[in-house]
Amino acid sequence: MRRHGIRAVAGHRFRPCTTDSRHEFPIAPNFLKQDFSATRPNTVWLADITYLPTGEGWLYLAAVLDLATRKIVGRSMRDQMPTELSVAALMMAAQRQRPAAGLICHSDRGSQYAAEAYRRQLAGMGARPSMSRAACCYDNAPMEGFFHTLKVELVQQRRWATRDEARRDLFA
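A brief report on the enclosed structure follows. (Residues numbered from 1 in each chain as written. Predicted model: local features only at pLDDT ≥ 70, side-chain atom pairs only at ≥ 80, totals over all residues. Heavy atoms only, no water.)

1. Quick look at the packing of helix H1 (residues 83-97) against helix H3 (residues 116-125)
- One can describe the packing of H1 onto H3 by two numbers: an axis separation of 9 Å at closest approach and a directional angle of 15 degrees. Taken together, H1 and H3 sit at an angle that is classed as roughly parallel. In this structure, H1 crosses over H3, and the sense of that crossing is right-handed. Of the residues in H3, those in contact with Thr83, Ser86, Val87, Leu90, Met91 and Ala94 of H1 are Ala117, Tyr118, Gln121, Leu122 and Met125.
- Classifying every residue of the contact of H1 with H3 by side-chain character gives eight nonpolar, three polar and no charged. (Axes fitted to C-alpha atoms, helices over the stretch in contact; angles between N-to-C directions. Helix = DSSP H or I, 4+ residues; strand = E, 2+ residues; numbered from the N terminus. Parallel < 35°, antiparallel > 145°, perpendicular 65-115°, else oblique. Left-handed = near helix turned anticlockwise from the far one by under 90°. Contact = heavy atoms within 4.5 Å. Nonpolar A, V, L, I, M, F, W, Y, C, P; charged D, E, K, R; others polar.)

In C-alpha cells form, the structure reads like this:
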C-alpha cells in the first residue's frame with residue numbers, strides 16, 4: 001500500500017444502535033445465532049436498511065447480502081422507509097438468484113421485516129424468516145459490517161446534493 005500511495009480510510013467510532021421493534025407483528029426465531037458460516041450461495045441471506053444523507057434529506061437503502069459469497073444480491077432505495085423498500089430488495093434478490101426452498105433470510109426485528117407483505121414474499125419463495133434478538137446488532141454483524149464499509153469508503157467521502165446523485169454513485 002505504501003509503495004502505491006494507498007491509505008486506509010478510518011471510520012467513525014462504532015456505536016451499536018437498535019431498531020425500534022415496538023410493533024404488533026410476529027417475531028421470527030433466530031436461526032443463525034451468530035453462526036455466519038454459510039458454505040453455499042443462496043442458503044442464508046441477511047437483510048437490513050441504512051440511511052444516507054443528501055441535500056434533499058435522507059435516502060434509505062435496503063440491501064440483501066448472500067452470507068456465503070458476501071455479495072449484495074438485492075437492493076432498493078427510497079426517500080422513505082415503508083415495508084415496500086425491504087420487499088423490493090428481497091424481490092430483486094429472488095429474481096436474480098432464484099434460491100431453492102429452505103433459504104434462511106435473516107434480519108432485525110424492524111416493522112419492515114415483520115410486516116405481512118414481507119412475510120408473504122418469503123413464504124412465496126419457500127424461505128424461512130429469521131430475526132435478531134432485541135437490541136443486538138451483533139446478530140446481523142456481516143450486514144452491519146457491509147454498511148459500515150460502504151459509509152466509510154463512499155458516503156463519508158462524498159456530499160450528495162440530490163438523492164438521484166447518491167443513487168447513481170451507489171449503483172455504480
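2. Examining the pairing of strand S1 (residues 44-54)
- Of all the 11 residues making up S1, nine are buried; the element is thus mostly covered by neighbouring parts of the structure.
- In terms of strand pairing, S1 meets strand S4 (residues 104-107) through three bridges, oriented parallel. For Leu46, the partnering residue across the bridge sits in S4 and is His106.
- Direction of pairing for S1 relative to strand S2 (residues 57-66): antiparallel, over a ladder of 10 bridges. Looking at the pairing, Ile49 lines up with Ala62 of S2.
- Remark: two residues form the turn of the hairpin made by S1 and S2, two consecutive strands paired antiparallel. (Buried < 20%, exposed > 50% of the residue type's maximum accessible area, 1.4 Å probe, protein only. Pairing = 2+ DSSP bridges.)

3. Re the pattern of salt bridges
- Tallying each qualifying case throughout the model produces five salt bridges.
- Between Arg120 and Glu116 there is a salt bridge, with the nearest N and O atoms lying 3.0 Å from each other. Taken together, the positions of Arg120 and Glu116, both in helix H3 and four residues apart, correspond to about one turn of that helix.
- We note a salt bridge from Asp164 to Arg167, for which the minimum N-O separation is 3.0 Å. Here Asp164 pairs with Arg167, and both are found in helix H5 (residues 163-171), just three residues apart, close to one helical turn. (Salt bridge = Lys/Arg side-chain N within 4 Å of Asp/Glu carboxyl O.)

4. Thoughts on the sheet that holds strand S5 (residues 128-131)
- Read from one edge to the other, the open sheet built from five strands follows the order S3-S2-S1-S4-S5, with strand pairing classed as mixed. The open sheet is flanked by strand S3 (72-78) and S5, the only strands paired with a single partner. Averaged over all pairs of adjacent strands, the angle between strand axes in this sheet comes to 25 degrees, irrespective of strand direction.
- Bridge count for S4 against S5 is four bridges, and the pairing is parallel. Across the sheet, the residue bridging to Cys105 is Pro129, located in S5.

5. Some thoughts on the layout of surface pockets
- Estimates place the volume of the second largest pocket at around 180 Å³.
- Along its surface, the second largest pocket is lined by Leu61, Ala63, Ile72, Arg75, Met77, Phe146, Thr149, Leu150, Glu153, Leu170 and Phe171.
- Elements represented by at least two residues in the lining of the second largest pocket include exactly S2, S3, helix H4 (141-153) and H5.
- Looking at which element gives the most residues to the lining of the second largest pocket, the answer is H4, with four residues.
- For the lining of the second largest pocket, the class distribution of residues is eight nonpolar, one polar and two charged. (1 Å grid on protein atoms, 1.4 Å probe; cavity = no way out; pocket = protein on both sides within 12 Å on 5 of 7 lines; lining within 4 Å. Points joined across faces, edges and corners; volume = space filled by probe spheres on them.)

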